[in-house]
Amino acid sequence: MIISNIEINKNKFEEFVRVLLLEKYEILDGNSGKNVFFEVIENFEKIEVKAVLTNEKFLEDNEKEIEENSKIKIEVLKDFEIKMLDKVKILKEIDFSYKKICDDYFDQAEVMMKTVLMKLFGKEKSYKWGTLIGVRPTKIVGRFLKMGLSYEKISEILENIYLVSKTKRDLLIGIVKRQEPYLDKETIGIYIGIAFCPTKCSYCSFPAYLLRGKYAERYSEYIESIYREIREIGDLTRELNLKINTIYIGGGTPSILTAEEIKKMLETIKESYNLSYLKEFTFEAGRIDTLDEEKLTIIKNYEINKISINPQSFNETTLKLVNRHHDREQFDLVYKLAKNLGLEINMDLILGLPRETTEDILHTMDEVAKYDMENLTIHNLAIKNASKLNKENYKHKDILDYEMIFKKIDEVTMNKGLKPYYMYRQKNSFQWGENLGYALDNCESIYNIEMIEENKTIIGIGAGAITKLIWQDEKLKKDNIKRIVNPKDPLVWMNELDERLEKKKGEIKKIFKK
């Protein structure tokens, strides 16, 4: 059981223990016999957190204050003090004090409690990311910047309160500095999702349906619905005078569309939106087996300036295992065509694909070094609930030498002038590795930065697309986020388009007519 004298977010605290201290999860069970007691003492100058670990029941007099529940996890006793445990055998005690940062850092005491818990169990040096378990660690740096803190002070807080290693602190702060010029709340972004793929990759959890059966029967209706939602959202952005600086066409596999369908979609965008503020137009052409010169030429003619062509691995055996079908000759042809057209290229790689060894990944990095891409995105494989790997109970045998792999990645990216500019983490990725985007100077993806940082509104179009409406609460001085999710299944999306599109337009108007 955990007992504290201050209110804390119980769900977040439970998640923290489950993720970083799973072997100690019994401390959240009221019947385990293991107890952690916290006493927080706060004044204008500093916060002190005292904690003790015991394996005895708490004082009988206080048991009445705690709900009778066989699965008690975290309880608050506001009058609790450590000295009340004078008759209890204490296994370990920690006392941690730190200067109070500022009033806006309202949860400093709770964060320090997590740090103390790590120290209590001797885990303070176990993780390079320290106590950070969130998907977007850059956000915490942004939060401190808004409080008026310097990068030097933020690094100090990350080290002492969050236990983050120097390597990760430097990475985090370096990325935030690179992102700063691109964060723009005066504009919005548009995401258009195409829900179909030629095959379903075994690791994929994105909307990716195959064009057969009932989906093929209604495909004509599907593509017309895409054009319609593009038009109606475009008309709305003009009505509200919204400035668009990034458009991203993703999926699925947008390049599964025919050349004529791609042309009509891009023409619809051109006719429906004010593109005078557009700085970046991206087309995710990740599947090489869906691309040819005609499609790439159309893409270039409509002023798309960035595309993704994603090898994922340069081991053909691996590609077949994960249900991707292209060979090196196809990849090189598409790469050369895109380069000759003057398109900026992103390449995606995934570490930890089935049966890949350290040597396989090092080989892939050697092959990557032969290309001149403007962006390189490196993902750590995460087993998503909706993926085929998860449904088949795939278990990754963690035999990769990550130190050697990341050393190679650093070598290749530095030699090519590619620097980290955005990142996110996934809770099911092996080694708790971060997904990192690298770019040449001035080639950073605005969409990637704005999407990960949740800095501004991005309107989603198509099956499975997510709209995030973001506006600032002037009183609380923080951003509000409202998510509007389109159904993943293209058939459901079409069936509900009339009602959902009107509701979405209504929500957008509420935010931007304020």
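Residues numbered from 1 in each chain as written. Predicted model: local features only at pLDDT ≥ 70, side-chain atom pairs only at ≥ 80, totals over all residues. Heavy atoms only, no water.

**Student:** Run through the overall build of the protein chain, naming residues and quoting values.
**Tutor:** Within the protein chain, the regular secondary structure consists of 18 helices and 16 strands. The burial tally for the protein chain puts 55% of its 514 residues in the buried class. For the protein chain, long-range pairs separated by at least 24 residues make up 76% of all intrachain contacts whose partners lie at least 6 apart in sequence. Counting every atom, the protein chain has about 24,400 Å² of accessible surface; 47% of that belongs to carbon and sulfur. (Helix = DSSP H or I, 4+ residues; strand = E, 2+ residues; numbered from the N terminus. Buried < 20%, exposed > 50% of the residue type's maximum accessible area, 1.4 Å probe, protein only. Contact = heavy atoms within 4.5 Å. Areas by Shrake-Rupley, 256 points an atom, 1.4 Å probe, with all protein chains shown as cover.)

**Student:** Which residues make up the packing of aromatic side chains, and what are the values?
**Tutor:** Throughout the structure, instances matching the rule amount to 21 aromatic pairs. Measuring from centroid to centroid gives 4.5 Å for Y248 and Y447, while their planes differ by 25°, and the two rings are stacked. Highlighted residues: Y248 in strand β7 (residues 244-251) and Y447 in helix α16 (residues 446-453), separated in sequence by 199 residues. Neither Y248 nor Y447 differs from the other in exposure class; each is buried. (Phe/Tyr/Trp six-rings, centres within 6.5 Å; stacked < 30°, edge-to-face > 60°.)

**Student:** Can you lay out the side chain of T282 for me, pointing to particular residues and giving the numbers?
**Tutor:** Structurally, the position occupied by T282 is in strand β8 (residues 280-284). Leave out the neighbours within four places in its chain, and T282 touches I247, Y248, I249, I304 and K306.

**Student:** Before we move on, can you summarise the pairing of strand β3 (residues 46-54) with the specific residues and values?
**Tutor:** Burial of β3 is extensive: seven of the nine residues sit out of reach of the surface. With eight bridges joining them, strand β2 (residues 35-42) and β3 adopt antiparallel strand pairing. Residue E42 lies in a different strand from β3, and its bridge partner there is I47. Sheet analysis places β3 next to strand β5 (residues 90-99), joined by nine bridges and oriented antiparallel. The partner of L53 across the bridge, within β5, is K92. (Pairing = 2+ DSSP bridges.)

**Student:** Can you tell me about unusual backbone geometry, naming the residues and giving the values?
**Tutor:** Trans is the common state for peptide bonds, and a negative phi is the common state for residues other than glycine. In this structure, the amide linkage connecting G251 to the following residue, G252, adopts the cis form with an omega of 20°. Among the secondary structure elements, G252 is positioned in the loop between β7 and α9 (259-272). Positive phi values are uncommon outside glycine, yet N241 reaches one of about 55°. Here N241 lies in the loop between α8 (219-239) and β7. Given the relative accessible area of 63%, N241 is considered exposed.

**Student:** Could you give an account of the pattern of salt bridges, with specific residues and numbers?
**Tutor:** Within this structure, the stated rule accounts for 40 salt bridges. Residues K166 and D170 are paired through a salt bridge, measuring 2.6 Å at the closest nitrogen-oxygen approach. Of this pair, K166 and D170 both sit in helix α6 (residues 166-179), separated by four residues, roughly a single helical turn. Here K166 falls in the exposed class, since its relative accessible area comes to 53%. (Salt bridge = Lys/Arg side-chain N within 4 Å of Asp/Glu carboxyl O.)

**Student:** Please set out empty space enclosed by the protein residue by residue, giving values where relevant.
**Tutor:** Rolled over the atoms, a probe as big as a water molecule pinpoints where empty space is left. All chains considered together, the criterion is met by one cavity of 30 Å³ or more. Here the largest cavity defines a volume of roughly 40 Å³. Lining the largest cavity are E229, N486, W493, L497, R500, L501 and K504. Element by element, the count of residues in the lining of the largest cavity is highest for helix α18 (residues 497-512), at four residues. By residue class, the composition of the lining of the largest cavity is three nonpolar, one polar and three charged. (1 Å grid on protein atoms, 1.4 Å probe; cavity = no way out; pocket = protein on both sides within 12 Å on 5 of 7 lines; lining within 4 Å. Points joined across faces, edges and corners; volume = space filled by probe spheres on them. Nonpolar A, V, L, I, M, F, W, Y, C, P; charged D, E, K, R; others polar.)

**Student:** Residue-level account of helix α12 (residues 328-340), with values.
**Tutor:** End to end, α12 covers 18 Å across 13 residues, agreeing with the expected 18 Å (1.5 Å per residue, within 8%). Among the residues of α12, F331, V334, Y335, L337 and A338 are the ones counted as buried. The arc that holds every buried residue of α12, seen down its axis, measures 165°, which confines them to one face. Along α12, the residues that are exposed and aim more than 90 degrees away from the buried face are E329, L333, K336 and N340. Those residues of α12 that are buried lie in contact with α10 (293-301), β9 (306-308) and β10 (344-351). (Expected span 1.5 Å × (residues − 1). Arc of directions from axis to C-beta.)

**Student:** Got a sec to walk through the confidence of the model for the protein chain? Specific residues and values, please.
**Tutor:** Here the protein chain shows a mean pLDDT of 89. Residues at 70 or above account for 90%. Low confidence marks residues 383-392, where pLDDT is under 50. Its contacts with residues over four positions away, or in another chain, come to 23 contacts. (pLDDT = per-residue confidence, 0-100.)

**Student:** Can you tell me about the sheet that holds β3, naming the residues and giving the values?
**Tutor:** By way of backbone hydrogen bonds, the strands of a sheet pair with one another, either parallel or antiparallel. In spatial order, the strands read β4-β1-β2-β3-β5; together these five strands make up an open sheet with mixed pairing. Both outer strands of the open sheet, β4 (74-76) and β5, are each paired with one neighbouring strand and no more. Recorded for the sheet is a direction-independent mean angle of 15° between the axes of neighbouring strands. On the sheet, helix α3 (residues 108-120) packs against β1 (2-4), β2, β3 and β5 and is oriented at approximately 140° with respect to β5. (Axes fitted to C-alpha atoms, helices over the stretch in contact; angles between N-to-C directions.)

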